[in-house]
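Chains, contacts and geometry: an overview
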Amino acid sequence: MRLALLQTAGDPGNDPAANLDRLDAAAATAAAGGADLLLAPEMFLTGYNIGREAALAKAEPAEGPSARRAGEIARAHGIGLCYGYPELGEGGAIYNSCLLIGKDGVPLLNFRKTHLFGDLDRAMFAPGEGSAEVVSFAGYRVGMLICYDVEFPEAVRALALAGADLVLVPTANMKPYDAVSHVVVPARAFENELFVAYANRCGVEGELDYMGLSCIGDPHGLNLAMAGDGEELLVVDLDPARLKAARAINTHVPDRRPEVYRRLIP
C-alpha cells in the first residue's frame, strides 16, 4: 500500500468547506503519485482548538454533508480517505471522530476518540466506547485511533488482537510532546507487529503550537519516515514483506499471558 499523510494547519477560518477543498487538492496530488490512501489530521474539517460552542455548531452526523462530499472526492480520485471531524451523535453528544472512506466513496469505518486529553477535549467531547473494529482496505486490516489514544498501550493492543495490520492515527499533537512521534509511535508498531500511521497538524492555533512530525511506525521498531514541522504531504510505501518478517521474529502478541494482567483492571 502507498500511504500519504497530509500534515497541515488547515484553513485559517476553520471552515469545513475550505478544508474539504484542501482535502480534494491533496487527494489529487496523492492519487497522481500512486497513493492508495490519504490520512489527514485530527479535527481536520474544523480545527481542533475551537471550543465547545464552535464544535457544537460545526458537528455533523457520520453520514452528514461533509462525509458525502468527502466520498465524492475519494471516488473522483480513486483514493481512500481518513480525516478527523466533530461528530454529532445520539442525544446531541459531540464526539471527536474520524472517518475512513474507501476508494469508491463508500464509508468503511467511523471511530470516536476514547481517551480525552485535558480540559480542552473534555470541555468539547464525550468519550467514545473503543470498539476496536478493523476493516479490510487494499490488502491490509485497518483500525483507527485518535491522537492521545495511541499513547495507551491497551488501545493499540486491542486492535492488534482484532487482527489489524495498520493503525491510522489522525492527531493534533502540540509541543513539547515530540516523544510521541520519536518514541511512542515506533514502539507501538514494534510491540504489536503492525504499522502505525500518525498524521499531525502543524502551525499555531490559539495557545497551541503544533509540532508536525507526522510519521509512520514500522513493525521492526523504526519510523519509516517523518515529516518536518511545516505543511507537507508525506508519502510512504508499506511493504507486506516487512510485516511478515517482523511477525516471524517478534513474538510479543502470541507470547502474551492475559491471566497475569487481570490485576490491571480495577
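Residues numbered from 1 in each chain as written. Predicted model: local features only at pLDDT ≥ 70, side-chain atom pairs only at ≥ 80, totals over all residues. Heavy atoms only, no water.

Moving on to the overall build of the chain. The secondary structure content of the chain amounts to seven helices and 14 strands. Over its C-alpha trace the chain gives a radius of gyration of 17 Å, about what one expects of a compact globule, namely 18 Å for 266 residues. For the chain, the spread of C-alpha atoms along the principal axes amounts to about 50 × 45 × 35 Å. Counting every position in the chain, which comprises 266 residues, the buried fraction comes to 53%. (Helix = DSSP H or I, 4+ residues; strand = E, 2+ residues; numbered from the N terminus. Rg over C-alpha atoms; globule rule 2.2 N^0.38 Å. Buried < 20%, exposed > 50% of the residue type's maximum accessible area, 1.4 Å probe, protein only.)

Below, the discussion takes up empty space enclosed by the protein. Scanning the entire structure with this criterion turns up one cavity of 30 Å³ or more. Looking at the largest cavity, the residues that line it are Pro16, Leu45, Thr46, Lys58, Glu60, Ser66, Tyr85 and Pro86. Looking at the lining of the largest cavity residue by residue, the classes come out as four nonpolar, two polar and two charged. (1 Å grid on protein atoms, 1.4 Å probe; cavity = no way out; pocket = protein on both sides within 12 Å on 5 of 7 lines; lining within 4 Å. Points joined across faces, edges and corners; volume = space filled by probe spheres on them. Nonpolar A, V, L, I, M, F, W, Y, C, P; charged D, E, K, R; others polar.)

Another aspect to go through is the sheet that holds strand S5 (residues 107-112). Pairing in this open sheet of six strands is mixed, and the strands run S5-S4-S3-S2-S1-S14 from one edge to the other. The open sheet has two free edges, formed respectively by S5 and strand S14 (232-237), since each of these has just one partner strand. On average, each strand axis in the sheet is tilted by 25° relative to the strand beside it, whichever way the strands run. Relative to S14, strand S1 (residues 2-7) runs antiparallel, the two being bridged by six bridges. In the strand pairing of S14, arginine 2 is matched with aspartate 237. (Pairing = 2+ DSSP bridges. Axes fitted to C-alpha atoms, helices over the stretch in contact; angles between N-to-C directions.)

Moving on: the packing of aromatic side chains. Under the definition given, this model contains five aromatic pairs. Each ring, one from tyrosine 148 and one from phenylalanine 152, has its centre 5.0 Å from the other, and the planes form 80°; the classification is edge-to-face. The exposure class assigned to tyrosine 148 is partly exposed, which follows from its relative accessible area of 22%. The exposure class assigned to phenylalanine 152 is partly exposed, which follows from its relative accessible area of 25%. Among the aromatic residues, those joined into a ring-pair cluster are Phe117, Tyr148, Phe152 and Tyr177. (Phe/Tyr/Trp six-rings, centres within 6.5 Å; stacked < 30°, edge-to-face > 60°.)

Secondary-structure assignment places glutamate 42 in the loop between strand S2 (37-39) and helix H2 (51-58). Accessibility expressed as a relative area gives 0% for glutamate 42, which makes it buried. A polar side-chain atom of glutamate 42 sits 2.9 Å from a polar atom in the side chain of lysine 113. In this structure, glutamate 42 is in contact with Tyr48, Gly84, Asn96, Lys113, Ile146, Cys147, Pro170, Thr171, Ala172, Ala199 and Arg201, ignoring residues within four places of it in sequence. (Polar contact = N/O pair within 3.5 Å; in protein donor to acceptor, adjacent residues only side chain to side chain. Contact = heavy atoms within 4.5 Å.)

Residues other than glycine predominantly adopt negative phi, and peptide bonds predominantly adopt the trans conformation. Look at the link from lysine 175 to proline 176: it is a cis peptide, with omega at 15°. With respect to the secondary-structure elements, proline 176 resides in the loop between strand S8 (166-170) and helix H6 (179-192). Even without being a glycine, methionine 43 presents a positive backbone phi close to 50°. Mapped onto the elements, methionine 43 comes out in the loop between S2 and H2. On the basis of relative accessible area, methionine 43 is assigned to the buried category, the value being 0%. Positioned with a positive phi, alanine 138 is a non-glycine residue whose angle comes to about 50°. Within the element layout of this structure, alanine 138 appears in the loop between strand S6 (135-137) and strand S7 (140-144).

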